[in-house]
Amino acid sequence: MSSDQPVGVFDSGVGGLSVFQRIRANLPYERLLYVADSGHAPYGNKPAGFIVQRSLAITEFLLEQGAKAVVAACNTATAAAIVPLRAHFDIPIIGIEPAVKPAVAMTRSGVVGILATGNTVRSDKFAHLLDQHGHRARVLVQPCPGLADCVEQGDLNGSRPRALLERYLMPLLSAGADTLVLGCTHYPFLTPLIQELMGPEVAILDPSPAVARHLRHRLAVGGLLADHNANGGERYFTSGELEPTAGVMARLLTESVNLEVLPERFRSAEALPASSLSRLQNDPVATSQSILA
Ligand code: DGL
């Protein structure tokens with residue numbers, strides 16, 4: 001493993017770009033690879049076994065591209081797949097989870113709202129997070145079906161995200177929430193609309209700066225930080241259609257994006273490279289996570 005190898009970042013689609021942007025700002029010398037699994041988005045309502053399969057296939061692709069570390073820039077994929085990913089790949093794998101701990105420490109009203117996908121809020125990992133930190137405030141959990149799709153389609157302030165957010169946010173506002181956790185990496189792109197609906201007093205927490213700091217720390221500890229004279233740079237891949245995905249990504253990043261198609265063998269729903277499959281079949285930890293389901 002050497003420091004000039006790239007860092008891989010993936011999400012169900014374009015949402016992980018909110019994390020990618022932070023990583024790029026914090027680690028400008030790093031070469032970055034971004035995979036948007038747009039062909040299979042959203043993950044928020046898919047079976048856990050499917051999300052595990054996709055996460056393994058994408059990580060295998062990133063390793064094939066020489067990744068020295070991988071960031072699962074997706075709360076839903078982290079909840080479903082971080083354990084099998086770490087069991088099967090011998091590089092740092094960084095995940096993301098809703099910022100419950102900072103939110104309960106920060107609230108003044110004692111009421112915290114959490115927006116996330118259905119799969120994230122139903123996961124054991126999230127239940128554990130609430131068990132650990134949720135008791136220090138009244139924590140209201142709001143699953144948000146359809147919201148990530150709006151971002152995926154580049155609709156950041158149209159009537160659809162507005163109607164969904166009015167429905168999801170109003171109960172939190174009425175209950176007195178003064179701190180809101182964005183528990184899905186798509187949602188930071190809706191921050192202006194969320195702030196408009198919640199009002200200027202409500203604090204909105206996005207955990208991506210903490211993820212970027214954690215990645216920097218892991219790379220530093222492993223002696224893997226890129227040289228400060230390196231040029232950085234990025235490549236973007238999708239399992240979906242090049243258009244409209246490239247257009248949406250360019251809009252979110254406010255720069256043009258040269259999007260490449262993920263190679264066929266990593267693109268299909270069943271894609272799971274033979275090497276991973278044989279490792280999984282011999283691994284009780286992985287099978288207990290229903291990877292083969
Ligand atoms: N961006 C993802 C997350 O952080 C999931 C969105 C989806 O695909 O449902 O949870």
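Nothing here was measured: the structure is a model prediction, and the numbers come from that model. (Residues numbered from 1 in each chain as written. Predicted model: local features only at pLDDT ≥ 70, side-chain atom pairs only at ≥ 80, totals over all residues. Heavy atoms only, no water.)

K.L.:
Could you give me a rundown of the nonpolar core, with the residues and numbers involved?
P.N.:
Counting residues in hydrophobic clusters, the biggest one holds 56 residues, and the most contacted among them are L17, V71 and I194. Excluding anything up to four places from it in sequence, L17 contacts Y34, F189, Y236, M249, L252 and L253. By size, the runner-up hydrophobic cluster in this structure holds 25 residues, among which are F10, V70, A81 and F237. (Core = buried A, V, L, I, M, F, W, Y, C linked by side-chain atoms within 4.5 Å. Buried < 20%, exposed > 50% of the residue type's maximum accessible area, 1.4 Å probe, protein only. Contact = heavy atoms within 4.5 Å.)

K.L.:
Account for the site of the ligand, with residues named and values stated.
P.N.:
Taken together, the neighbourhood of the ligand is formed by 13 residues, with S12, Y43, N75, T76 and H186 sitting nearest. Separating an oxygen atom of the ligand from a backbone N or O atom of T185 is a distance of 2.8 Å. The side chain of H186 places a nitrogen or oxygen atom 2.8 Å from a nitrogen atom of the ligand. When isolated, the ligand has an accessible area of 300 Å², and the protein chains bury 98% of it. Cavity membership is defined here by more than half of the atoms lying within 2 Å of grid points; on that basis the ligand lies in the largest cavity. Class assignment of the residues belonging to the shell around the ligand gives a composition of 5 nonpolar, 7 polar and 1 charged. (Near = heavy atom within 4 Å. Polar contact = N/O pair within 3.5 Å; in protein donor to acceptor, adjacent residues only side chain to side chain. Areas by Shrake-Rupley, 256 points an atom, 1.4 Å probe, with all protein chains shown as cover. 1 Å grid on protein atoms, 1.4 Å probe; cavity = no way out; pocket = protein on both sides within 12 Å on 5 of 7 lines; lining within 4 Å. Sits in = over half its atoms within 2 Å of the grid points. Nonpolar A, V, L, I, M, F, W, Y, C, P; charged D, E, K, R; others polar.)

K.L.:
Mind laying out the packing of aromatic side chains, listing which residues take part and the relevant values?
P.N.:
Summed over the entire model, instances satisfying the criterion amount to 4 aromatic pairs. A centroid spacing of 5.4 Å and a plane angle of 55 degrees characterise the contact between F20 and Y236, whose relative ring orientation is tilted. Note that F20 is positioned in helix α1 (residues 17-26) and Y236 in strand β9 (residues 234-238), a separation of 216 residues in sequence. Between the aromatic rings of F61 and F237, the centroid separation amounts to 4.9 Å while the plane-to-plane angle is 75 degrees, which identifies the pairing as edge-to-face. Here F61, found in helix α2 (residues 48-64), pairs with F237, found in strand β9; they are 176 residues apart in sequence, far enough to count as distant. Judged by its relative accessible area of 1%, F61 falls in the buried class. By relative accessible area, which is 3% here, F237 ends up buried. An aromatic cluster is built from F20, Y34 and Y236, whose rings are joined through pairwise contacts. (Phe/Tyr/Trp six-rings, centres within 6.5 Å; stacked < 30°, edge-to-face > 60°. Helix = DSSP H or I, 4+ residues; strand = E, 2+ residues; numbered from the N terminus.)

K.L.:
Give me the pattern of salt bridges: which residues, what numbers.
P.N.:
Pairs may arise between side chains of opposite charge once their charged atoms sit close together. Tallying each qualifying case throughout the model produces 9 salt bridges. One salt bridge in this structure joins K125 and E97, with 2.7 Å as the shortest N-O distance. One end of the pair, K125, is in helix α6 (residues 124-133); the other, E97, is in the loop between β4 (93-94) and α4 (100-106), with 28 residues separating them in the sequence. Note that E196 and R162 form a salt bridge whose closest N and O atoms lie 2.9 Å from each other. Of this pair, E196 sits in helix α9 (residues 191-198) while R162 sits in helix α8 (residues 159-174), and the two are 34 residues apart along the sequence. A network of salt bridges, in which partner residues are shared, links R24, E234 and E255. (Salt bridge = Lys/Arg side-chain N within 4 Å of Asp/Glu carboxyl O.)

K.L.:
Go over empty space enclosed by the protein with me, naming the residues and quoting the values.
P.N.:
This structure, assessed with the given rule, holds 2 cavities of 30 Å³ or more. The computed volume of the largest cavity comes to approximately 80 Å³. Lining the largest cavity are 13 residues; nearest its centre among them are S12, T76, T117, C184 and H186. Residue composition of the lining of the largest cavity, grouped by class: 5 nonpolar, 7 polar and 1 charged. For the second largest cavity, the full set of lining residues is N75, T78, A79, I96, E97, P98, T120, K125, F126 and L129. (Points joined across faces, edges and corners; volume = space filled by probe spheres on them.)

Remember that the coordinates give geometry; whether it matters functionally is a separate question.
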